[in-house]
Amino acid sequence: MTTTTADDVDQGVDIDQVLADVADVARPCAEDGEVKAYIADLAGMEPGNFAICVTELDGETHAMGDLDIRFSIQSISKVLALVLAMRKVGEGVGVQEQLWRRVGREPSGDPFNSLVQLEREQGVPRNPLINAGALIVDDVLLDHCADPKGELLTLASELAGEELTISEEVARVEEDTSARNRAIANLMLSFDNLHHTVDEVLDVYAHQCAIEMSAAQLARAFRFLANDGVDPATDRRILHPDLARRVAAIMLTCGTYDAAGEFAYSIGLPCKSGVCGAIVALAPKQAAICVWSPPLDDKGNSLAGRVALHELSDRLDLSVFKGPESAL
Ligand code: GLU
């Protein structure tokens, strides 16, 4: 999978060597993090697992590490659910009326499963990438899909280019440990911001968190968001370009829990993390990236993953604030 092309050599950058150097810097940081126990136990993940995968829009892939181990994608699924909801409601009035009246687009600055703002802000979550907002997105999916879990899995599988599965075991543990998510859903229900029952919404949420993907599949699957909404593998339009850019904007401002400001500052790429220890990042018009290392920092982001993305972004000049030229 690891290849260096004539183009890279022409530009004087050996990207595979860059990945190896980045891994050398990032990997040791994992020792200071903490693995989310139930996910690791169920999936057989190890604290020492590590992967970086950079998949360019033309399919060329630079990668190293544990690329093929599948883990439950957890919060990263929130982006796919948002994309599916946008596909259902359509751009323009649809997305405005059916989505943005019910969920905001502001960073929360609070932990991903906090209830505090929700009470103050009349049951309207700050954004679709915190738990409260993701539950609203799932409620929208229930409005439009006969089988939201199935449609999400189909979308993820198509984007990954391989058939994916949901771990029923992980989904069951999600539901067994959902007291806080249940409280969030009930609070939103009390403000009339939920159309379906709490059980129905939590069922979709638990199953989307339990979709299992590898780092290589995640990098491949997220390329459409770096390509104005078109999956470069199939030329299929997944989202209108305006919406694809806006999803990327929400990832930049809200995708990494209450560390989004620090991620924008140090990495400068739209990112979405999950408590599985994976982080996907978009290098618009160039590539999608996935880094995976299970131990998390105190905000719930992969510790080594964050360091790896920082190093990678610096070494390849990837920051979206830099402009279109980079070493890729
Ligand atoms: N299953 C987790 C939860 O809600 C997902 C968390 C995450 O990856 O941020 O609560």
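Everything in this summary refers to the structure shown in the same document. None of these values were measured; they are calculated from a predicted model.

## Some points on the layout of surface pockets
Put simply, the largest pocket is a space of about 260 Å³. Taken together, 16 residues line the largest pocket, and the ones lying closest to its centre are Tyr 38, Phe 112, Asn 131, Glu 174 and Asn 181. Among the elements of the structure, α10 (179-190) and α11 (198-209) are those that each provide at least two residues to the lining of the largest pocket. For the lining of the largest pocket, the class distribution of residues is six nonpolar, seven polar and three charged.

## Quick notes on the site of the ligand
Near the ligand the following residues occur: Tyr 38, Gln 74, Ser 75, Phe 112, Asn 131, Glu 174, Asn 181, Tyr 205, Cys 209, Tyr 257, Gly 274 and Val 275. Here Ser 75 contributes a side-chain N or O atom positioned 2.6 Å from an oxygen atom of the ligand. With the chains in place, 93% of the 290 Å² that the ligand exposes on its own is no longer accessible. Judged by its atoms lying within 2 Å of the grid points, the ligand is housed in the largest pocket.

## A look at the packing of aromatic side chains
The tally for this structure, following the rule as stated, stands at one aromatic pair. We note Lys 272 situated over the ring of Tyr 257; from NZ or CZ to the ring centre the distance is 4.7 Å.

## Considerations on empty space enclosed by the protein
By the definition in use, this model includes two cavities of 30 Å³ or more. By volume, the largest cavity amounts to about 50 Å³. Per-element tally for the lining of the largest cavity: the top contributor is helix α6 (residues 116-120), with three residues. Residues that form the lining of the largest cavity fall into these classes: seven nonpolar, three polar and two charged. In this structure, the second largest cavity occupies an estimated 40 Å³ of space. In terms of lining, the second largest cavity is formed by Glu 174, Glu 175, Ser 178, Asn 181, Leu 202, Tyr 205 and Ala 206.

## Let's talk about the nonpolar core
Ranked by size, the top nonpolar core spans 83 residues in total, and within it Met 86, Leu 99, Leu 218, Phe 222, Leu 225 and Val 247 carry the most contacts. With nine residues, helix α4 (residues 77-89) is the single largest residue contributor to this core. Those residues in contact with Phe 222 that sit more than four places away from it in its chain are Ile 76, Val 79, Leu 80, Val 280, Leu 282 and Ala 288.

## Details of α11
Its twelve residues give α11 an end-to-end C-alpha distance of 16 Å, which sits within 8% of 16 Å, the value for a rise of 1.5 Å per residue. The element α11 is largely enclosed, with a buried count of nine among its twelve residues. For α11, the complete set of buried residues consists of Val 198, Val 201, Leu 202, Val 204, Tyr 205, Ala 206, His 207, Gln 208 and Cys 209.

## With respect to the packing of α4 against helix α8 (residues 148-160)
A pair of packed helices can be characterised by two numbers: the angle between their axes and the separation between those axes. Where α4 contacts α8, the axes come no closer than 10 Å and their chain directions differ by 105°. Between α4 and α8, the angle is such that the two are roughly perpendicular. Facing Leu 80, Ala 81, Val 83, Leu 84 and Lys 88 of α4, the residues of α8 in contact are Pro 148, Glu 151, Leu 152, Leu 155, Ala 156 and Leu 159. When grouped by side-chain class, the residues that make up the contact of α4 with α8 number nine nonpolar, no polar and two charged.

## Side note on the sheet that holds strand β3 (residues 71-72)
Spatially, three strands are ordered β3-β5-β4 in an open sheet, and the strand pairing comes out antiparallel. Two strands lie at the open edges of the sheet, namely β3 and β4 (165-166), each paired on one side alone. Pairing of β3 with strand β5 (residues 211-213) involves two bridges; the strand directions are antiparallel. Its bridge partner being in β5, Ser 72 is matched across the sheet by Glu 212.

## Some thoughts on the packing of α8 against α11
Contact geometry for α8 and α11: axes closest at 9 Å, N-to-C directions at 25°. The pairing of α8 with α11 is recorded here as roughly parallel in orientation. Note that α8 runs across α11; the crossing there is right-handed. Every residue of α11 that contacts α8 at Pro 148, Lys 149 and Leu 152 is listed here: Asp 203, Val 204, His 207 and Gln 208. For the contact of α8 with α11, the per-class residue count stands at three nonpolar, two polar and two charged.

## Concerning the pairing of strand β9 (residues 278-283)
Most of β9 is tucked away, with six of its six residues classed as buried. Residues of β9 alternate between two faces, with Ala 278, Val 280 and Leu 282 on one and Ile 279, Ala 281 and Ala 283 on the opposite face, all of them buried. Bridge count between strand β8 (residues 271-273) and β9: three bridges; the pairing is antiparallel. Within the sheet, the bridge partner assigned to Cys 271 lies in β9 and is Ala 281. Here β8 hands over to β9 after four residues, with Gly 277 in that stretch at a positive phi of 95°. The pairing of β9 with strand β10 (residues 287-292) spans six bridges and is antiparallel. Paired with Val 280 across the two strands is Cys 290, which belongs to β10. If you look at the hairpin formed by β9 and β10, you'll find three residues sitting between the two strands, and Lys 285 has a positive phi there, around 70°.

Rules used throughout
- Residues numbered from 1 in each chain as written.
- Predicted model: local features only at pLDDT ≥ 70, side-chain atom pairs only at ≥ 80, totals over all residues.
- Heavy atoms only, no water.
- 1 Å grid on protein atoms, 1.4 Å probe; cavity = no way out; pocket = protein on both sides within 12 Å on 5 of 7 lines; lining within 4 Å.
- Points joined across faces, edges and corners; volume = space filled by probe spheres on them.
- Helix = DSSP H or I, 4+ residues; strand = E, 2+ residues; numbered from the N terminus.
- Nonpolar A, V, L, I, M, F, W, Y, C, P; charged D, E, K, R; others polar.
- Near = heavy atom within 4 Å.
- Polar contact = N/O pair within 3.5 Å; in protein donor to acceptor, adjacent residues only side chain to side chain.
- Areas by Shrake-Rupley, 256 points an atom, 1.4 Å probe, with all protein chains shown as cover.
- Sits in = over half its atoms within 2 Å of the grid points.
- Phe/Tyr/Trp six-rings, centres within 6.5 Å; stacked < 30°, edge-to-face > 60°.
- Lys NZ or Arg CZ within 6 Å of the ring centre and 35° of its normal.
- Core = buried A, V, L, I, M, F, W, Y, C linked by side-chain atoms within 4.5 Å.
- Buried < 20%, exposed > 50% of the residue type's maximum accessible area, 1.4 Å probe, protein only.
- Contact = heavy atoms within 4.5 Å.
- Expected span 1.5 Å × (residues − 1).
- Axes fitted to C-alpha atoms, helices over the stretch in contact; angles between N-to-C directions.
- Parallel < 35°, antiparallel > 145°, perpendicular 65-115°, else oblique.
- Pairing = 2+ DSSP bridges.
- Left-handed = near helix turned anticlockwise from the far one by under 90°.

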